[in-house]
Each structure stands twice: as structure tokens, then as C-alpha cells.
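# Overview (structure and organization)
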Amino acid sequence: MVNIVLFGPPGAGKGTQSENIIEKYGLNHISTGDLFRKHLGEGTELGKLAQSYMDNGKLVPDEVVIGMVDDHIENQKGAAGFIFDGFPRTVAQAEALDKLLDKRSTAISCMVMLDVPQDELKRRLLERGKTSGRTDDQNEEKINIRIQEYLNKTVPVAEFYAGQSKDCKIDGVGTIDEIFANISSALDSHF
Ligand code: ADP
């Protein structure tokens, strides 16, 4: 199995590049943001729990996220591998993910990190908010909170994977195709 963590701040282009990676490498996609939005839309208990955090730009508590990912992996038996998008977002989540994969006799192959400057992130998120209907993309204050959460809690996750020599930094500014070409060359050595 090849398992990839797609890492980067909100607005880095993880969703867009995930689609390209899935298409080329045939991996199963796990986006915790999408899973939470699905629960929210269906009005499940988990969705209700996550809503207040998401509405305020804060991270949902680790145990909630980890349980949801564990369930989701369990329902995807026979997958060739996974691409984790928007997860792990804390070191506790990264440690839990290692355990979840180890339990299934597999591991993370590499972490692809999309590098985008902060000004460009805000511009992209506000632009996305005009069409996505995502309320967390329509308000500059919420965007700032999400970027702060990223800097405080998620940046250490990059150090966690660097410690395992699994990190790979990609310039996240450029055309979608240019960025994907760089991601592909980084990933090809793992396939
Ligand atoms: P973005 O990358 O644009 O911020 P996501 O769709 O990945 O958007 O996430 C939206 C929201 O869902 C986050 O702001 C957070 O509240 C919640 N969320 C998603 N993934 C996680 C996670 N791994 N840990 C905690 N909260 C999460």
C-alpha cells in the first residue's frame, strides 16, 4: 500500500491536487473536512458536535477526528492506499494515524507539503468563499483563526514527518498543472 499525507495550510490547494493524485495513482481519498461537512449535512450527532468548532474556524477535538478516520478506513477494505487530505492536523492525530495504519500492517509512505505564502492563502480562501457556499471562507476573521490554528497546531506535524524522513516540500504557487507535475515527480519514487 502507498499512503500519502497531503499537507498544507487552509487554501493551499489540497482538494484540487488530491483529485489529480487520485486519478493518476488510484488512491482512496480521505478528507476530514469533507467528512465533517457530510455529517453536518446529514445532521448526525458527530456533525452537531463538529459544527461549533468548524463555524468558529477552530480544530475539532482529536478524539472525534481520529474515531471518524478509523471508522472510515475500516469501511474501505481492499484499498490500494490512501491519500489523507486535511488530516493529521495535530501531532496527536499524526501519532494516532501511525497506530491505525500499523494495526493494518501498513504505514505512511510520504508527506507532500504544499508551500503557499499567507497573503496568497487569504486571497484564495475569500475567492473560494464567493462560490463554495462555505461560511468559513466568507469571513476574514474566521480565515485568520484557521491560519492561526494551522501555525500553532499543524505546523508541528510537518516536523513530526521530517523526523521520520518522510517530508517532501512542493512549491504550491503556480498553475495547477505545474504544481501537479512537481507532486508527481516526488511521488513516482514511491510507486
Ligand atoms: P481547509 O483546509 O480549507 O481549512 P477543511 O475542509 O480541511 O478546510 O476543514 C474545514 C474545518 O473542518 C476546519 O476548519 C476544522 O474545523 C475541521 N477539520 C477538518 N479536518 C480536521 C482535523 N483533521 N482536525 C480537526 N479539525 C478538522
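Scroll up for the structure.
Residues numbered from 1 in each chain as written. Predicted model: local features only at pLDDT ≥ 70, side-chain atom pairs only at ≥ 80, totals over all residues. Heavy atoms only, no water.

### Quick notes on the site of the ligand
In the vicinity of the ligand there are 18 residues, among which Thr 32, Arg 37, Lys 58, Val 60 and Arg 128 approach most closely. In this structure, Arg 134 approaches the ligand through a side-chain N or O atom, which is 3.1 Å from an oxygen atom. In terms of residue count, helix 2 (residues 32–42) provides more of the shell around the ligand than any other element does, 4 residues in total. Residues of the shell around the ligand, tallied by class, amount to 7 nonpolar, 4 polar and 7 charged. (Near = heavy atom within 4 Å. Polar contact = N/O pair within 3.5 Å; in protein donor to acceptor, adjacent residues only side chain to side chain. Helix = DSSP H or I, 4+ residues; strand = E, 2+ residues; numbered from the N terminus. Nonpolar A, V, L, I, M, F, W, Y, C, P; charged D, E, K, R; others polar.)

### So, the sheet that holds strand 1 (residues 4–7)
Read across the open sheet, the 5 strands follow the order 2-3-1-4-5; overall the sheet is parallel. Two strands in the sheet have a free side with no partner beyond their single neighbour: strand 2 (28–31) and strand 5 (167–171). Going from strand to strand, the sheet's axes swing by 20° on average, the running direction of each strand aside. Inspection of the sheet shows strand 2 paired to strand 3 (residues 82–85) by 4 bridges, in the parallel sense. The partner of Ile 30 across the bridge, within strand 3, is Phe 84. Strands strand 1, strand 4 (110–115) and strand 5 of the sheet are contacted by helix 7 (residues 140–163), whose axis makes an angle of about 145° with strand 1. Contacts from helix 8 (residues 176–188) reach strand 1, strand 4 and strand 5 within the one sheet, and its direction differs from that of strand 5 by about 160°. (Pairing = 2+ DSSP bridges. Axes fitted to C-alpha atoms, helices over the stretch in contact; angles between N-to-C directions. Contact = heavy atoms within 4.5 Å.)

### Concerning helix 4 (residues 62–74)
With 13 residues, helix 4 extends 18 Å from end C-alpha to end C-alpha; this agrees with the ideal 18 Å at 1.5 Å per step. Taken together, the buried positions of helix 4 are Val 64, Val 65, Ile 66, Met 68, Val 69, His 72 and Ile 73. Against strand 2, helix 2, helix 3 (45–55), strand 3 and helix 5 (91–103) lie the buried residues of helix 4. (Expected span 1.5 Å × (residues − 1). Buried < 20%, exposed > 50% of the residue type's maximum accessible area, 1.4 Å probe, protein only.)

### Overview of the packing of aromatic side chains
Enumeration according to the criterion identifies 5 aromatic pairs in this entry. For the pair Phe 82 and Phe 84, a centre-to-centre distance of 5.9 Å together with 35° between the ring planes defines the contact as tilted. (Phe/Tyr/Trp six-rings, centres within 6.5 Å; stacked < 30°, edge-to-face > 60°.)

### Description of the pairing of strand 1
Sheet faces and side chains relate simply in a regular strand, where the side chains alternate between the two faces. Going residue by residue along strand 1, you find Ile 4 and Leu 6 tucked away on one face and Val 5 and Phe 7 tucked away on the opposite face as well. Pairing between strand 1 and strand 3: 3 bridges, direction parallel. Pairing of Val 5 across the sheet is with Phe 84, part of strand 3. In this sheet, strand 4 lies alongside strand 1 in parallel orientation, the contact comprising 4 bridges. Each residue of the ladder has a partner; that of Phe 7, found in strand 4, is Met 113.

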